[in-house]
Amino acid sequence: MSTVTFRGVTKRYGATVALDALDLDVGEGEFVSLLGPSGSGKSTTLNLLAGLLDADAGSIMIGDREVSQLPPEKRDIAMVFQNYALYPHLTVFENIAFPLEARKPRPDAANIRTRVEKVAATLGIGNLLARYPKEISGGQQQRVALGRAMVRDPKVFLLDEPLSNLDARLRIRMRRDLKALHQALGSTIVYVTHDQSEAMTLSTRVAVFNLGKLQQYAPPAAIYGRPVNAFVANFVGEQETNFLDGTPVAEGGTLAFATAFGVISLGRPPATVTGSGKLRLGARPEAITALPDPSAEARIILAELAGADLFLTVRGRDAAEVVVRADPRADALAAGDGVRLAFDPQRMHLFDAESGVAVSHGGGPFVD
Ligand SMILES: Nc1ncnc2c1ncn2[C@@H]1O[C@H](COP(=O)(O)OP(=O)(O)OP(=O)(O)O)[C@@H](O)[C@H]1O
Ligand SMILES: [Mg+2]
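Every chain is numbered on its own, with residues counted from 1 as its sequence reads. Following the order in which they are written, the chains are lettered starting with A and the ligands numbered starting with 1. With pLDDT at 70 or above as the cut-off, local features in this predicted model cover only qualifying residues; side-chain atom pairs require 80 or more to be listed or tallied, and sums for whole chains, interfaces and linings still use all residues. The side-chain numbers reported here are obtained from all heavy atoms of the structure, hydrogens and water having been left aside.

The next point concerns the sheet that holds strand S9 (residues 205-210). Spatially, six strands are ordered S6-S7-S8-S3-S9-S10 in an open sheet, and the strand pairing comes out mixed. Only two strands of the sheet have a single partner each, and these edge strands are strand S6 (77-80) and strand S10 (213-218). For this sheet, the mean inter-axis angle between neighbouring strands, taken without regard to orientation, is 15°. Packed on one face of the sheet, helix H4 (residues 138-150) meets S6 and strand S7 (156-160) and runs near 165° to S6. Strand pairing is defined by DSSP finding a minimum of two bridges between the two strands. Helix and strand definitions here come from DSSP, where helices need a minimum of 4 consecutive H or I residues and strands a minimum of 2 consecutive E residues; each element is numbered from the N-terminal end. For helices, the fitted line uses only the C-alpha atoms of the stretch in contact; every axis is such a line through C-alpha atoms, and the angle between N-to-C directions lies from 0 to 180 degrees. Contacts: residue pairs with any heavy atoms within 4.5 Å of one another.

This is the structure in structure tokens:
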């Protein structure tokens, strides 16, 4: 069984709580990303699982085995780091074979050859086995590093920002390769990244961290569509979420929200608002449509073409601003134009303005 379980795991450095009472379950064969900004506790979590750090409290299990007291080599895991440091004086074959050569008792040469060749074929680097690291590309080196981890057939793979040294195009290609590899191997993977698009595209579930605390743990679609708080809503997504303060108003039996861009219908029955009572609306750029209207108060102050999308920064009353996604082929909009904004009620999020905790998503019920 290659499940991973954290229960109440805490790690402190003096007064800094690097990881605060983490509870996390990774299922057999899952690809789980630990996502969060710099210093949020991602590497700490991975290093605790690997046995490179000792926890101050809590327990960590791999399968049904408590591993907290075990040294790294007894945990049956393989780790690939950001700087995957291949041995420069060894060939690709020798680099991949290295963990097997180090094993006691050492497998026989034919056995090693069979396993290295199988792993290399899976990774599409079977033709590079005789080369040295400096004779292959960065992406190929990355695959050799993965091969070195795979050859041991570990229970769990731990990857800490393994693609961060690659250029943008190669990252996306390696991302696809990794996903295909995971589908082919069915192995359990715990993957650290601060890149939300990487986490969203690769993972079965994403664990979002901030300030040493797990914020939300859910499949990518739920993280994106039902963020538990304003931090998650803003951190996940290619573009930042727009936040608008306002006041709830009743509008013909349904709830609406009065903002600097007018009254936004939320298309749902009014309900008692708890918490601080102050609300903040969260709207992603794609949940807002800009309609040309020369008489409108709101104006486009910036139009940015990003390939397939046109991002418009629109300023409303009281200097409030939102970013709106438009279609550069269909919407002939430019800086200076007056626009009316249409907010899709199904994609509006309401947060408590003080705690940031989500109050409701779209037309759904209020969050418990
Ligand atoms: N050896 C250490 N001594 C003191 N503080 C540390 C040490 N290692 C980590 N920390 C602190 O613990 C917190 C979590 O660090 P961690 O390395 O887990 O962050 P991270 O999410 O991996 O960030 P990054 O994206 O920058 O790699 C940070 O506040 C960091 O400064
Ligand atoms: Mg880190």
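Structure shown, so let's carry the discussion forward.
A few words now on empty space enclosed by the protein. Think of a 1 Å grid over the protein atoms and nothing else: a 1.4 Å probe that fits but is trapped marks a cavity, an open set flanked by protein within 12 Å on at least five of seven lines marks a pocket, and residues with an atom within 4 Å of a point count as lining. Grid points are joined across faces, edges and corners, and a volume is the space filled by probe spheres set on the points. The full count for this structure, using the stated rule, is one cavity of 30 Å³ or more. Roughly 70 Å³ of volume is contained in the largest cavity. Around the largest cavity, the lining residues are Leu146, Met150, Phe157, Leu159, Leu178, Leu181, His182, Leu185, Ser187 and Ile189. Contributions of two or more residues to the lining of the largest cavity are made by H4, S7 and helix H5 (168-185). A total of four residues in the lining of the largest cavity trace back to one element, the largest contributor, which is H5.

Attention now moves to the layout of surface pockets. Size it by volume and the largest pocket reaches roughly 630 Å³. Lining of the largest pocket is provided by 21 residues; of these, Ile77, Ala78, Met79, Pro99 and Arg152 occupy positions nearest its centre. Where the lining of the largest pocket is concerned, the elements lending two or more residues are S6, helix H2 (92-101) and H4. The element contributing the most residues to the lining of the largest pocket is S6, with four residues. For this classification, Asp, Glu, Lys and Arg are treated as charged, while Ala, Val, Leu, Ile, Met, Phe, Trp, Tyr, Cys and Pro are nonpolar and the rest, including Gly, are polar. Here the residues of the lining of the largest pocket sort into 15 nonpolar, one polar and five charged. The element best represented in the lining of the second largest pocket is helix H3 (residues 109-123), accounting for four residues. Per-class residue counts for the lining of the second largest pocket are six nonpolar, five polar and five charged.

Residue Pro105 is bonded to the preceding Lys104 through a cis peptide linkage, with omega at -5°. Looking at the secondary structure, you find Pro105 in the loop between H2 and H3. Unlike most non-glycine residues, Glu161 shows phi in positive territory, near 45°. Examined against the element boundaries, Glu161 turns out to sit in the loop between S7 and H5.

Take the site of ligand 1 next. Throughout, near means a residue has at least one heavy atom within 4 Å of the molecule or strand. Taken together, Tyr13, Thr16, Ala18, Pro37, Ser38, Gly39, Ser40, Gly41, Lys42, Ser43 and Thr44 are the residues near ligand 1. Between Lys42 and ligand 1, the recorded distance is 2.8 Å, taken from a side-chain N or O atom to an oxygen atom. The method behind every accessible area is Shrake-Rupley, applied with a 1.4 Å probe, and residues are considered shielded solely by the protein chains displayed. Considering ligand 1 on its own, with 640 Å² of exposed area, one finds that the protein chains cover 57% of that surface. Of all elements in the fold, only strand S2 (16-26) and helix H1 (42-50) reach the threshold of two or more residues within the shell around ligand 1. Here the element with the most residues in the shell around ligand 1 is H1; it accounts for three residues. Partitioning the shell around ligand 1 into residue classes produces three nonpolar, seven polar and one charged. Identification of polar contacts relies on pairs of N or O atoms within 3.5 Å, with a donor-acceptor requirement for protein atoms, meaning one able to donate a hydrogen and the other able to accept it, and with residues adjacent in sequence counted only if both atoms are side-chain atoms.

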